[in-house]
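Listed here are the chains, written in short residue letters.
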Amino acid sequence: MDRSLFRITPSGVSGLTFAALCFVFLPMLAGSYWLSIFTSTTIFAMAASGVAFMYARLGMVSLTQVGLMGVGGWVMLRLNHLWDLPFEVNMALAALVTMIFGWILALPALRMRGLYLALVTLMAAGGLEIIFATYQFPNGGEGFWGVKIGSTNPFRRPMLAQSPEAYLRYCIVIATLGFLFIEAHRRLFPGRAWALIRRSEAAAMAAGVNVTLCKTRDFGISVGIAGAAGALLAGSLGLLDDGTFRSSESIMLFALAVVGGARFWLGAVIAAVLFRVLPGLLNTWGVDTDLAFVIFGAGLLHALITAPNGIAGQVYDLVAKLRGGKDDRD
Amino acid sequence: MSKGTVFNWLVYVALMGGAWLWLAGDKPFKVTGMFLASGLAIGSLYALGGIGMVVLFRASGVLNFSAGAAGAAGAMTAWQLGQWGVWPPLTWAACIVVALALTLFYGRMIAPLLAWRETVVKAVATLGFALIILGLVSFIWIDDPRSLELPTDQIGVRLFGLRVTATRLLAFAAAIGIVVGIWLFLGRTEIGLQMRAVANARDLSALLGIPIRRVETIAWGISGVLAGFTGLMFANLIRLEPVVITFMVIPSIAAALAGRLNSLALVLVGGLSMGVIESVLTLSPTLKGVRPIAPFVIAALVLLWAQRGAKLTFGGRD
């Protein structure tokens with residue numbers, strides 16, 4: 001197993017090249033408006049990679065990824081205003097707390113079949129939306145919820161990334177690490193187990209796979225990544241707004257992860273671009289942004305019915321065709 | 001009725017009674033009765049949504065998340081027709097017809113394309129349809145405070161010294177009537193028998209010559225009518241806003257889970273108890289702000305309780 005951990009694939013090379021190009025050029029080219037959009041796009045790509053991984057490998061549907069980002073962001077802000085720990089420590093703690101929180105949420109569903117996780121996470125998304133709207137996000141106030149009216153205490157960005165340009169680069173690096181972490185996890189554990197679970201849980205159990213453990217572990221990873229992404233989002237503006245974490249956003253992020261192509265890194269990037277950039281573009285063109293819902297919904301239906309590998313799969317197929325038939329996915 | 005079912009009934013009644021005693025026990029009924037009435041009305045809506053889901057889920061294996069969106073489209077149509085001065089009963093009928101048409105469209109045109117996929121994929125696909133409807137509805141009717149009046153709002157009935165609007169009574173009576181009606185329909189009619197057969201074993205029913213498409217279409221139809229009616233009631237009793245009505249499916253899911261996606265009577269009792277507990281939490285100073293999450297917490301606890309000691313087994317289908 002270990003031998004193949006550092007195997008280099010064409011998709012991996014193109015992904016790292018893409019990340020490096022973004023790292024170098026994106027902050028140079030973008031103005032301040034687009035800088036913040038690209039930063040949040042990067043962060044949502046990271047979060048989308050978590051949902052996509054769970055869906056592609058296990059067929060598990062999590063409909064509360066954006067809500068869990070809110071939990072990570074909440075912990076991040078809370079710690080930031082509470083102690084003087086470095087950004088990275090806060091981010092790690094936010095990911096950890098979110099992971100534990102996610103496990104507690106999913107507890108009723110992890111021993112049941114796939115549909116129940118979708119239901120439980122959808123309820124969690126609805127519940128988190130209400131909690132965030134009621135208690136808001138910490139901004140330096142007193143007490144457990146840490147909210148005060150009016151001014152906001154300053155947020156400490158990472159030492160390495162004080163300016164918006166540097167912060168975008170920082171996010172790109174963390175997101176790339178997130179993608180690599182998922183990929184390493186995918187390579188370290190036997191792919192047969194996932195393939196079996198996806199196909200039939202009964203068959204997986206018969207083959208000796210610990211289905212519950214496998215699901216719990218993967219859900220934890222996906223949720224932890226959402227927590228870290230939420231922490232990064234908190235660092236982007238230094239404050240968070242409950243409108244960012246509505247249940248409709250979680251549903252859209254999942255839908256777009258499927259539309260983008262859940263099996264590929266490119267799919268998560270496409271999902272995040274559609275998620276953050278398309279509404280902005282529609283707005284600029286003077287088209288009602290509600291139509292983005294229609295496009296995303298139709299895209300989800302189309303992907304589920306006829307294009308299981310999403311847009312990224314079609315791109316890869318096209319590339320493979322142009323290069324003369326060799327399929328070089330994964 | 002088996003012992004287990006009676007026990008489940010009692011759990012919900014006990015939960016409701018416990019919350020009531022805790023928060024409202026020491027206050028006069030004149031004050032707290034209001035919360036009971038509004039809780040039962042809201043609970044009826046959750047139960048109605050849940051019943052529509054469970055009926056369809058049992059017959060077709062599709063958990064329809066787009067019921068809320070279909071209800072929202074219907075309610076907005078009813079409001080629009082009302083603005084144009086159409087005779088009110090026609091606008092209510094239009095609400096149900098629009099929801100029915102949307103649901104039937106999905107059931108006949110899109111759902112069959114996914115008929116042999118995993119349950120969760122079928123459920124998630126309906127989210128796509130919900131997004132489409134929600135996007136179109138919000139595009140046609142931009143955000144604006146609106147309300148939907150029903151003539152029953154003006155009629156008050158005195159019950160136990162409380163004045164209860166007829167709309168609330170209507171929602172409550174409809175929830176009970178519909179459960180009884182569907183129970184009779186499933187138990188006494190031929191189509192009901194076929195629907196139960198399809199729910200048990202879809203492919204075996206097909207082999208026996210049961211017209212699966214027809215049975216499923218009827219189930220989609222029932223769920224569409226329920227979606228329209230629930231949307232209309234929700235728009236009147238809670239708020240006429242497409243996003244809010246669309247996401248009423250989330251507490252409906254909680255009610256459906258209370259019945260383990262199976263028992264209509266439990267969905268009704270579970271939904272009602274969720275509504276009452278949510279409403280009575282208004283009396284608690286600390287939990288007041290987060291009371292809408294009460295249904296989710298209850299549903300999660302029910303799920304945990306239902307699978308105590310259970311292991312994932314080979315039994316059943318994936």
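The shown structure was predicted, so the numbers you read here are calculated from the model rather than taken from an experiment.

Trainee: How should the pattern of salt bridges be read in this particular structure?
Mentor: Where side chains of opposite charge bring their charged atoms close, a pairing between them can arise. Inspection of every chain in the model, using the stated rule, returns six salt bridges over all chains. When the shortest N-O distance is used, the salt bridge between glutamate 183 of chain A and arginine 187 of chain A registers 3.0 Å. Linking glutamate 183 of chain A with arginine 187 of chain A, this pair stays in helix α6 (residues 164–188), spanning four residues, or about one helical turn. The class of glutamate 183 of chain A is partly exposed, set by a relative accessible area of 24%. A salt bridge links arginine 117 of chain B to glutamate 118 of chain B, with the shortest nitrogen-to-oxygen separation between them at 3.9 Å. Since its relative accessible area comes to 30%, arginine 117 of chain B is described here as partly exposed. Residue glutamate 118 of chain B is classed as partly exposed on the basis of its relative accessible area, which comes to 32%. One salt-bridge network, held together by shared partners, links Glu183, Arg186 and Arg187 of chain A.

Trainee: Which parts of the structure should I look at to understand the confidence of the model for chain B?
Mentor: Low pLDDT means the predicted atomic positions in that stretch should not be read closely. All names here are of chain B. Confidence in the prediction for chain B averages 84 pLDDT; 95% of positions are at 70 or higher. Per-element confidence in chain B is highest for helix α4 (residues 88–110), whose mean pLDDT is 92, and lowest for strand β1 (residues 156–159), whose mean pLDDT is 74. In the model output, the complex is listed with pTM 0.87 alongside ipTM 0.85.

Trainee: What is the right way to read the interface of chain B and chain A from this model?
Mentor: In many analyses, interface size is given as the accessible surface area lost on bringing the parts together. Opposite the 51 residues of chain B that make contact, chain A presents 48 residues. Roughly 4400 Å² is buried in total at the junction of chain B and chain A, and carbon and sulfur atoms are behind 77% of that figure. Remark: the boundary between chain B and chain A carries zero salt bridges. In this structure, the connection of chain B to chain A is made through one residue pair in polar contact (both at pLDDT 80 or more). The dominant element in the side of chain B that touches chain A, judged by the number of residues it contributes, is helix α5 (residues 119–140) of chain B, at 16 residues. Taken together, the residues that form the side of chain B that touches chain A break down as 37 nonpolar, nine polar and five charged.

Trainee: Sorry, what's going on with the packing of helix α12 (residues 264–280) of chain B against helix α13 (residues 294–306) of chain B here?
Mentor: Each pair of packed helices gets described by two things: the angle between the helix axes and the distance between those axes. Residues and elements named next belong to chain B. α13 packs onto α12 with a crossing angle of 130° between their chain directions and a minimal axis gap of 9 Å. The orientation of α12 with respect to α13, classified from their angle, is oblique. Here α12 and α13 pass one another in a crossing that is right-handed. Residues Met274, Ile277 and Glu278 of α12 form the contact with α13, whose own contacting residues are Ala294, Pro295, Ile298 and Ala299.

Cut-off values and rules
Residues numbered from 1 in each chain as written. Chains lettered and ligands numbered in written order. Predicted model: local features only at pLDDT ≥ 70, side-chain atom pairs only at ≥ 80, totals over all residues. Heavy atoms only, no water. Salt bridge = Lys/Arg side-chain N within 4 Å of Asp/Glu carboxyl O. Helix = DSSP H or I, 4+ residues; strand = E, 2+ residues; numbered from the N terminus. Buried < 20%, exposed > 50% of the residue type's maximum accessible area, 1.4 Å probe, protein only. pLDDT = per-residue confidence, 0-100. Contact = heavy atoms within 4.5 Å. Buried area = accessible area lost by both parts, 1.4 Å probe. Polar contact = N/O pair within 3.5 Å; in protein donor to acceptor, adjacent residues only side chain to side chain. Nonpolar A, V, L, I, M, F, W, Y, C, P; charged D, E, K, R; others polar. Axes fitted to C-alpha atoms, helices over the stretch in contact; angles between N-to-C directions. Parallel < 35°, antiparallel > 145°, perpendicular 65-115°, else oblique. Left-handed = near helix turned anticlockwise from the far one by under 90°.

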